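Listed here are the chains, written in short residue letters.
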Amino acid sequence: MNDQEKSYFQKKADRANRIARILISIGGYGVVVSIAGILLFLFYQSIPLFFPASVKKTETVDVNHSPHKILLTGIDQYQEIVYVLDDAGIISFIRLSDQKVIGQDSLPLEPQEHLLVACKGSLEEHIFAVGSTEGKIFTGEIRLQPQYQGSRRIIVPSFQLEGQFGAVNQNDSLPVHIERLLFRQTEEGIKRWSWVDHAGRLFVKIYDPDEDQEYLYNLSDNLGREKVSQLTATYNEDKLICGTLNGELFWFDVSQPDNVFLKDNWKVSQAAISALQFLIGDNALVIGDTDGAVQVWFPVRQADNQMKFLPVHQFASHKAPVILVYASPRNRTFLTIDARGGIHLNYSTTDKTEIEFRDSEYPIQTGSFSPKSNGIILVDSHNRLGSFILSNKYPEITLQTLFGKVWYEGYPKPEFVWQSTGGSDEFESKLSLIPLIFGTIKGTIYAMFFSIPLALLAAIYVSQFAPKWMARTVKPTVEIMAALPSVVIGFLAGLYFSPIVEKHLMTVFLFLIFLPVLFLMSIVFWRAVPEQRRAKVPMGWEIIFIVPVIAVTLALIITVAHSVEMILFDGNIKQWLYNVMGMVYDQRNSMVVGFALGFAVIPIIFTISEDALSNVPDSLTSASMALGASRWQTVRRVVLPAAAGGIFAAVMLGLGRAIGETMIVLMATGNTPIMSMSPFSGFRAMSACIAVEIPEAPVGGTLYRVLFLTALLLFIFTFLINSLSALIGDRLRKKYARF
Amino acid sequence: MTGTISHFKQKGDPYILLTSMGLVLSLGMVVFMISLILVKGLGFFWPSDLLEVKLENGESYLGEVWASQTAILNDKPEDEIQLKIGNRELYGLDFIWLKTTNITGESYPDDVTTFERLTYGNFYGFIASVKAGDKTISGEPLYMFHEAQVYHDTAQVLNGKIEEVSDKLNNLIAPYTRLQREISLFKMKQESLNEEDKSKLAGLQSDLEKLQERISEPYERLSAELQKLQQKDRNLSLKVRTAEGEEEEMQLSRIVRFYQPNRLNAAQKSGIYLSKVWEFISAQPRESNTEGGVFPAIFGTVMMVLLMSIAVVPFGVLAALYLNEYAKQGKMIRLIRLSVNNLAGVPSIVFGIFGLGFFIYMVGGTIDQLFYADKLPEPTFGTGGILWASLTLALLTLPVVVVATEEGILAVPRANKEGALALGATRWQMIRKIVLPNAMPGILTGLILAISRGAGEVAPLMITGVVKLAPSLPLDVTFPFLHLDRKFMHLGFQIYDVGFQSPNVEAAKPMVYTTALLLIIIVVVLNLVAIYLRNRLRKKYKTSVF
C-alpha cells in the first residue's frame, strides 16, 4: 500500500467521521430542540388568547346628504357597501372602495314630512322602522345580496317598504311627533313596535303574521308620572324595557300578543337613562345614563322562582352622557358612545372595557357593527362616515375568566364553570380552567392516597425482608405491571368495577374498615404460634400468613355485608348517603378512579423506591444489626433515611404520571366538570378534557387555544415536578446518603 | 417479661407484616386483574349450550345463560338469570332478565341451533326447512342440519365467485370512472379554460367515447353473470323458527357459521373454539366492531409501530451516542439529560395535541397547499393519518430508546473502545465497529420497550389519526402501496371505542375483554423479551471490570 492509497482511505475515513459527527450532534441537540419546540409551540398557540383588541380606521366617506341628518346606517357582510338613511327618507347605497353612490331609494314621505327617529329590528338583518313628524311609522327592509358573475362577487343592494301605519292620534288637529321608537321583528316574523309620542304617551303595537292580527296597547297609565327616555326590547323573546328620566326601568311582558302587562319596575341609576340595548342572547341589558355610567343587568331566578334583574357588570364610565349603544351580532361585544364623541368597546362577560377611542371631534350620530362583527361604521353629525376594522378574536378570555369566578347569564352568582359549547351562536362560552385543575388535583390526591402506602410498603418488604427468590420474581412482575396499557385499566375500572362497587358498596366499605382489624388479627395469629415454630420459619416468609387471613376476611365480609347493610342503613347505603350526608353516589366516581389511577402508578413508585432501597450498602445495615438493632429498627432508622432521595424521586415520578394520565380518567370518571369534595362524585381532569374536546374545537378558535393553554399548564406542572424531584432528591441524597 | 408490647414493637414484627401486606395486596390486584381478563376474554369463544326456559305465563325463551344475580325487587331478594336471546331484529333487545321463581321448565333441546350472522348478531332457533333453488328440503332435524351445512358450503363458494366477478367488473369500469372524473374537473372551470385546455378536454371526451364502446360488451356480460350468481345465492336460504314459533327466512350466505351446541362434545366444541379464535385474529369487524375480528386493528397497530420505530430508533441512537461519545462534560450533557427526563415525564395527551397542532395542521396543511392544492378543501395530509400518528408516538417513546441505548453503550468495555482508538481508528469507525455491535442488545431493548409503549398508548393516537372503522388498510395493492395519509385502526383504541362508544355495550363487552387480552399478551411478551435481553446485557456488563 503506497502513500497515496493510504491517504485516500484516511481521507474517506475522515470524511465519514466528520459527517458522522455532524449527524450525531444533530441527534443530540435534536432532543433539546424537540422539547423546546413542544413548549414553544404550545405557547405560540395559546398566547393569542391574551392579545388586546384593536380598532383601525380604513375609510372616511363624506355622505353628501347635508343638511339632512343621517338616522340609520349599515354595512354588508363583506364590508363593501354601506347604506345611510337620512331624515328626508332617502336611502343611499355607497361603495366604500371608490365612495361612489351606486343606488338610491326613498320612503314615500309627504312634502313637509321628515323623519325623527329610526330603529333596527334585528341584529342580523337590516330591517328597520322609522317614525315621522306626521305620526307615521314606516317599516322597511334593506337587502345587500351577494351575487356571482363568473367568479366575481358583487353586492346588489335593494330596499323594500314593508308597510306603514299612523300612530294613534287623540287630537285630530295636531299631528303626532314620534319622539322615541322601538321596532323588533322576531325570527318567526312577529313584529313589535313601541313608541313614545310628543305628549309622552307610550304605545305598543304587535302584529302576529300567523293569525294576521294586530294588537295595540296604550301603556301610559303604567308609567305613573315617569317620562320615558329610552326604549328597548329583546330580539326574540318577551321583554320590553322602558327607561325613564328618573333612572328607573319598566319591564313589560310582551310574550303573549293578546296580553301585555307591566311585570316589574325598579331604579337602576340616579341619573336619567340615556341608552338601552339588549345583547345577543336576549339576556344581558346594557344601561347607559346621563352620568356616563355603563352597566349590564340580567334576569336571575330568585328563591320564589320569580325572575328579577340584578346588576352584574360595570364598565369604564364615559365623561359625557351615554347616548348610543350598539350590540354585536356575533358575541357579547358592544359599543357605547357618549354625547361628546367618546367611544368605548366593551365585552360583557369579562367586565372589560377593551378600547376607548375617539373618531371625530363631532358627536356621533349613528353607527353599526358589520354582520360578522369584524368591522364598525360610525357617522358623525357632519355626515362623515368612518369605516373601521375591528380585531377582537378572543374577547371572552382574560386571566379573570380563566382562573377567577365569573357571573354568567342565568346564574345566581359568580361561579367557576366549564361549559365550552352550547346549541347556538348565542351561547355564552364558559371556559374556566379551575374545575379542570380541581379535577386533576382531586384524582391525583386519591391516587396517591391509595398507591403510596401500598407501593412503599411493598418496596420495603421486597428489598429488606423478602427472600431473594421472591425478589427475583416480583421485580419483573412489577415491571410488566408497569407496562400494562392504561386503556385496559381504565376499561376495567369503568365497565367492570364501577357497577360492582356501586352494587356492593357496603362490602367495599367493610373491607376498608376491616383491613386494619384483620392486620391486627394476623399479628395475634402470628404471635399465637409458639416461639420455637416461629423461629423455624425462614425470614421473609411471614407473608404466608397474610394470604389466608385476607382471604378468610374477604369471604366473611361478603357473606355478612348484606345483613349489616340491612341493620345499619335500612338496606340501602346509597339512600342513607343522600339523605344524611347529602352526597349523591355516581357510578363512576373519584373513589374508583383513585383505585385505578393508583393501580397504574404503583409499579412506578415501587420500582424506583425498591432500587433506591437496595442500593443502600450492606455495610450500613450490617453495622446497624451488629449493634443490636432489630430488622425493623434498622430499616426505620438507617435504610429509609439513606434511601430518602430515591423514594422522594419515585413518589414525584408517580405524581407526574398520575397528573398526566388520560385514558383512565377518561373512562372511569364521569367526565363531569364539577367541583365537589365528595369521593362519590365524578370530575373532569385537564388531560381528559383535552382528549374529549380537541377533536370538536374549531381550529384557531377560542376553545382550541384554551385547550392548548391547558396542555401548556400540564406541561409546566410536570416540568416543575421533575425539577422539584431532581432538586430535593439531590438535597436529600446529600443529607442522608453520604456513603 | 418487662414491656412485652414495647419489645414487640421494637422488634418490629407487626411492621414487617404490614409491609408484606402491601406486597400481597399489590400483587393480588395484578393477578386478579389478569385472571379476570383471561377468563372473560378466553371464555368468549367457547360455544355455550342453549337453554330453553318455559315461564309460568306460558312464554318461552331460548338463549345462552349470560349471568345471574340476586336483585332486590320490592325489598325482597330475588334470584335472576340473564339470557342472551339474540334475534335482535325480532325482539329489539339482546338480553332479558328472568326471575328463577317464574321458571316452570328448563331443557337443553338437541335441535336448537346457534346462527352467527353478518348482521343483527346471533340467532337462536330451530331449522324448519332448507331451500336450495327450487327444492325445499324438510324432515328429521339432524338430516336438515346436514343438508343445511352442505348448502352453506355451496353458498360460501358462490360468494367467492360473486366477489371475483365483482372485482373484475370494478377493474373494467375503473379507467372509465377515472376519465369521467378528469373531464368533470375540466368542466368545473369551464369559463376560464384556454385553448390548450379546451383541446385537451375534447381529446378526453373522445377517449371516453372510445372506451365506452370497448367495454360495453364485457360490461354487459359480466353484469349479467353477476346478477345470475346473486340470484342463485338468494335462492339458498333456510327457514328458521324461534322458540315461540315465529318463522323467518335466512339467506345462507349471510350466515357466518352455525352449529347445534347441545349436541356437540368437547372436542367438537374445541374445533369451533379454535376457528373462532382464528376468525378473531384474521377477519374484518362486523356490526360496528362488536363482532367479527380485529385484523385491521392488528394490522394498523403493527404498521404504526413499524413506522414509529423507523423514526425513533435512529433519532434515539444518535442522541445516546452524542451523550456518551461526543458531548463534553458539563452544561450540554446536563441540558440534554434534563430534556430527556422532561420528555419522559410529559403527559401523553400533550404529545397528542402537539402532534395535532404542529404535525397535522401546520406541516400537513403546508404539504396540502404545496402538493395537493387541487384536492383542497378536502385535506390529504392536513388531517390525521398513520404518518403523523407514528411521528407523534416516536417523540413520545424517544426517552425510552435513549435511556436503553445508553445502558447498552455503557456496557461496552472501555478497553475495547480505547484499544480501537489507539490503533488509529477515527471516532466514527470505533463507534461503528465496536460500540454499536456491542450495544445492540441495549438498542433492541429500547426498541422493544418503545414498541410495547406504542401498542398500549391510546390518548395521543385518538386525536392524530386513529378511527373506529377504517375503509381500507394503509398498505394495499394500489399505487403508492404505502398510503401514509390514510387513517388506521388500533387495538388500544378498539378497546376504548367498543367499550364506551358502541351502540350495544352489553353485547360488545366480551369482545372488549378479548381485545384487551390480545393487547396484554402482546405487551407482556414484548416486555419479557426486553427483560431477557437486558439481563443478558447486565451479565456482560458485570464481566467487564475495567
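Computed from a predicted structure; not experimentally measured. Throughout, a residue's number is its position along its own chain's written sequence, starting from 1. Written order decides the labels, with chains lettered from A and ligands numbered from 1. Per-residue local features are limited, in this predicted model, to residues with pLDDT of at least 70; the limit for side-chain atom pairs, both in listing and counting, is 80 or more; totals at the level of whole chains, interfaces and linings are taken over all residues. As a rule here, side-chain values cover all heavy atoms of the structure and leave hydrogens and water aside.

## With respect to the pattern of salt bridges
All names here are of chain B.
- Salt bridge criterion: a side-chain nitrogen from Lys or Arg within 4 Å of a carboxyl oxygen from Asp or Glu. Summed over the entire model, instances satisfying the criterion amount to 38 salt bridges over all chains.
- Residue Lys54 pairs with Glu52 through a salt bridge whose shortest N-O separation is 3.8 Å.
- The exposure class assigned to Lys54 is partly exposed, which follows from its relative accessible area of 42%.
- Summary of the burial criterion: residues with accessible area below 20% of their type's maximum are buried, those above 50% are exposed, and those between are partly exposed, where the area comes from a 1.4 Å probe applied to protein chains only. When its relative accessible area of 10% is taken as the criterion, Glu52 is described as buried.
- Across the salt bridge formed by Asp111 and Arg263, the nearest N and O atoms sit 2.7 Å from each other. Placement of Asp111 in the loop between β5 (103-107) and β6 (113-117) and of Arg263 in the loop between β11 (255-259) and α6 (266-282) is noted, with a sequence separation of 152 residues between them.
- Owing to a relative accessible area of 31%, Arg263 belongs among the partly exposed residues under this scheme.
- Among the charged side chains, a network of salt bridges with common partners joins Glu116, Arg257, Lys276, Glu279, Arg286 and Glu291. Secondary structure elements follow DSSP: runs of H or I of four or more residues count as helices, runs of E of two or more count as strands, with numbering from the N terminus.

## Details of the environment of B:Phe351
- Examined against the element boundaries, B:Phe351 turns out to sit in helix α9 (residues 348-371).
- Of the residues examined, B:Phe351 reaches a relative accessible area of 1% and is grouped as buried.
- Note: C-alpha distance between B:Phe351 and B:Leu396 (45 residues apart in sequence) is 6.7 Å.
- Note on contacts: a residue pair qualifies if any of its non-hydrogen atoms lie within 4.5 Å across the two residues. Sequence-distant contacts of B:Phe351, that is, excluding residues within four places in its chain, are made with A:Ile38, B:Leu343, B:Val346, B:Thr392, B:Leu395 and B:Leu396.

## Quick look at the confidence of the model for chain B
- Looking at chain B as a whole, the pLDDT averages 86, with 95% of positions reaching at least 70.
- Listed scores for the predicted complex are pTM 0.89 and ipTM 0.88. For every residue, the predictor reports its confidence as pLDDT, a number between 0 and 100.

## What to know about the nonpolar core
- Remark: nonpolar core denotes a set of buried residues (Ala, Val, Leu, Ile, Met, Phe, Trp, Tyr, Cys) joined through side-chain atoms within 4.5 Å. Ranked by size, the top nonpolar core spans 215 residues in total, and within it A:Leu42, A:Trp418, A:Leu433, A:Phe491, A:Met663 and A:Leu707 carry the most contacts.
- When residues of this core are assigned to their parent elements, the largest contribution, 16 residues, is made by helix α7 (residues 295-326) of chain B.
- Contacts of A:Met663, omitting those with residues within four sequence positions, involve A:Ser486, A:Val487, B:Val458, B:Ala459, B:Met462 and B:Tyr496.
- Among the nonpolar cores identified, the runner-up in size contains 35 residues, and B:Phe145, B:Ala155, B:Leu179 and B:Leu238 belong to it.

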